[in-house]
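Overview (structure and organization)
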Amino acid sequence: RWGFLLLIPAIVHAVVSSYSRGAMLSVLFTVPFYFLYSRQRKFLTVVCLVMAFVVLPLAAGKEIQERFFSVTEAEADESFNSRLVSWDCAVRIAHDYPVFGAGPRNSNLITQQYGADMWGRTIHNNYLQIAADNGWLGLFWYAGTLGFCLLSIWRARARLWNAPGDDARRAVCMLGGMECSLWTFMIGATALSLEAFELPYILMLMGAQVWAITNAQIDPPRGVPHLPPAARVA
């Protein structure tokens, strides 16, 4: 656990050094969720203050700071404006191919026909990329999967939050970590096409099962005896 804590500065450095404003914003917007689900809020506050006043000033040079604060100058930001054009292309492609889309990553081959500034322009928005590639129906199923996964996590955490025992506390911590990871991904995915990134799908698969597992552990089916803690972990 302490080893993971020591890796936080390295992760922040990697995010900052990527010059990705989407990654930076996704981390900032997810911080409230960490405070919401943490049982060690005072310690987390100290960590965040150290990060804000020690690590970030050292890691973020002048160029990185200018890159991040350029989000307030959207009208003069060529990168942002090209994204707006790509998003408009994605919406029009999805309208033309509403059920099956243009095919996985095939929308990149036709974005220029819909007004993109170059051939092969990526949508740079995970949700609109899925809509263009797989149609509005595909986006509906994708968003539904994310929504039901979060619902499963919320229900399991609500049931375990005040449950006694170390196993319940560890489970609540893991559920909070899973949800915060998903929120970080979902926010960052508004500025990047990440539909082929594997980790969120692993989190979704885990989250989809957690409510059923929680119920089976707390209220096993009739005729199935309660398992001892060691057997449950195994």
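Residues numbered from 1 in each chain as written. Predicted model: local features only at pLDDT ≥ 70, side-chain atom pairs only at ≥ 80, totals over all residues. Heavy atoms only, no water.

**Considering the packing of aromatic side chains**
For the structure shown, the criterion picks out four aromatic pairs. Taking the centre distance of 6.4 Å and the plane angle of 65° together, the rings of Tyr142 and Tyr201 count as edge-to-face. With Tyr142 in helix 8 (residues 126-160) and Tyr201 in helix 10 (residues 198-218), the pair connects residues that are 59 residues apart, well separated along the chain. Accessibility expressed as a relative area gives 8% for Tyr142, which makes it buried. For Tyr201, a relative accessible area of 32% translates into the label partly exposed. (Phe/Tyr/Trp six-rings, centres within 6.5 Å; stacked < 30°, edge-to-face > 60°. Helix = DSSP H or I, 4+ residues; strand = E, 2+ residues; numbered from the N terminus. Buried < 20%, exposed > 50% of the residue type's maximum accessible area, 1.4 Å probe, protein only.)

**Quick look at the pattern of salt bridges**
Inspection of the entire model under this criterion finds five salt bridges. The residue Arg92 makes a salt bridge to Asp88 at a minimum N-O spacing of 3.1 Å. Taken as a pair, Arg92 and Asp88 lie in helix 6 (residues 78-96) at a separation of four residues, close to a single helical turn. Overall, Arg92 belongs to the partly exposed group, its relative accessible area being 35%. The closest approach of N and O atoms between Glu179 and Arg157, which form a salt bridge, is 2.5 Å. Here Glu179 is found in helix 9 (residues 166-188), whereas its partner Arg157 is found in helix 8, with 22 residues between them in sequence. (Salt bridge = Lys/Arg side-chain N within 4 Å of Asp/Glu carboxyl O.)

**Digging into the side chain of Asn108**
Residue placement: Asn108 occurs in helix 7 (residues 107-110). Judged by relative accessible area, which is 9%, Asn108 ranks as buried. Side chain to side chain, Asn108 and Gln129 meet in a polar contact 3.1 Å long. Contacts of Asn108, omitting those with residues within four sequence positions, involve Gly120, Arg121, Thr122, Ile123 and Gln129. (Polar contact = N/O pair within 3.5 Å; in protein donor to acceptor, adjacent residues only side chain to side chain. Contact = heavy atoms within 4.5 Å.)

**Things to note about the side chain of Thr30**
Tracing the sequence through the fold places Thr30 in helix 3 (residues 21-37). Residue classification places Thr30 among the buried positions, given a relative accessible area of 1%. A distance of 3.2 Å separates the side chain of Thr30 from the side chain of Thr184, its partner in a polar contact. Excluding anything up to four places from it in sequence, Thr30 contacts Cys180, Trp183, Thr184 and Ile187.

**Points about the nonpolar core**
Soluble globular proteins tend to pack their nonpolar side chains together in the buried interior. Judged by nonpolar contacts, the single largest core of 24 residues is most densely connected at Tyr127, Tyr142, Leu146, Ile153, Leu182 and Met186. Those elements giving two or more residues to this core turn out to be helix 8, helix 9 and helix 10. Sorting elements by how many residues they give to this core places helix 8 first, with 11 residues. If we skip the residues at most four places from it in the chain, Leu146 touches Tyr127, Leu182, Met186 and Met204. Judged by nonpolar contacts, the second largest core, of 10 residues, contains Ile93, Ile110, Tyr114 and Ala116. (Core = buried A, V, L, I, M, F, W, Y, C linked by side-chain atoms within 4.5 Å.)

**What about unusual backbone geometry?**
In the Ramachandran plot, Arg105 falls in the positive-phi region, its phi being about 60° despite a non-glycine side chain. Among the secondary structure elements, Arg105 is positioned in the loop between helix 6 and helix 7. Accessibility expressed as a relative area gives 35% for Arg105, which makes it partly exposed. Here the phi dihedral of His124 falls at roughly 60°; this positive angle occurs in a residue that is not glycine. The topology assignment puts His124 in the loop between helix 7 and helix 8.

**Side note on helix 9**
With 23 residues, helix 9 extends 33 Å from end C-alpha to end C-alpha; this agrees with the ideal 33 Å at 1.5 Å per step. Of all the residues in helix 9, the buried ones are Ala168, Ala171, Val172, Leu175, Gly176, Met178, Glu179, Cys180, Leu182, Phe185, Met186 and Gly188. (Expected span 1.5 Å × (residues − 1).)

**Here we look at the confidence of the model for the protein**
The pLDDT averaged across the protein works out to 77; a share of 75% of its residues lies at or above 70. Helix 8 holds the highest mean pLDDT among the elements of the protein, 91, whereas helix 11 (residues 229-233) holds the lowest, 44. In the model, residues 229-234 has pLDDT below 50 throughout and makes five contacts with residues more than four positions away in sequence or in other chains. (pLDDT = per-residue confidence, 0-100.)

**Things to note about the packing of helix 8 against helix 9**
Think of two packed helices as two axes; the pair is described by the angle between the axes and how far apart they sit. It is at 10 Å that the axes of helix 8 and helix 9 come closest, and there the two elements cross at 160°. When the interaxial angle is binned, helix 8 and helix 9 end up roughly antiparallel. Here the hand of the crossing between helix 8 and helix 9 comes out left-handed. Contacts from Asn126, Tyr127, Tyr142, Leu146, Cys149, Leu150, Ile153, Trp154, Ala156, Arg157 and Leu160 of helix 8 reach helix 9 at Ala168, Ala171, Val172, Leu175, Gly176, Met178, Glu179, Leu182, Trp183, Phe185 and Met186. Here the contact of helix 8 with helix 9 is composed, by residue class, of 18 nonpolar, two polar and two charged. (Axes fitted to C-alpha atoms, helices over the stretch in contact; angles between N-to-C directions. Parallel < 35°, antiparallel > 145°, perpendicular 65-115°, else oblique. Left-handed = near helix turned anticlockwise from the far one by under 90°. Nonpolar A, V, L, I, M, F, W, Y, C, P; charged D, E, K, R; others polar.)

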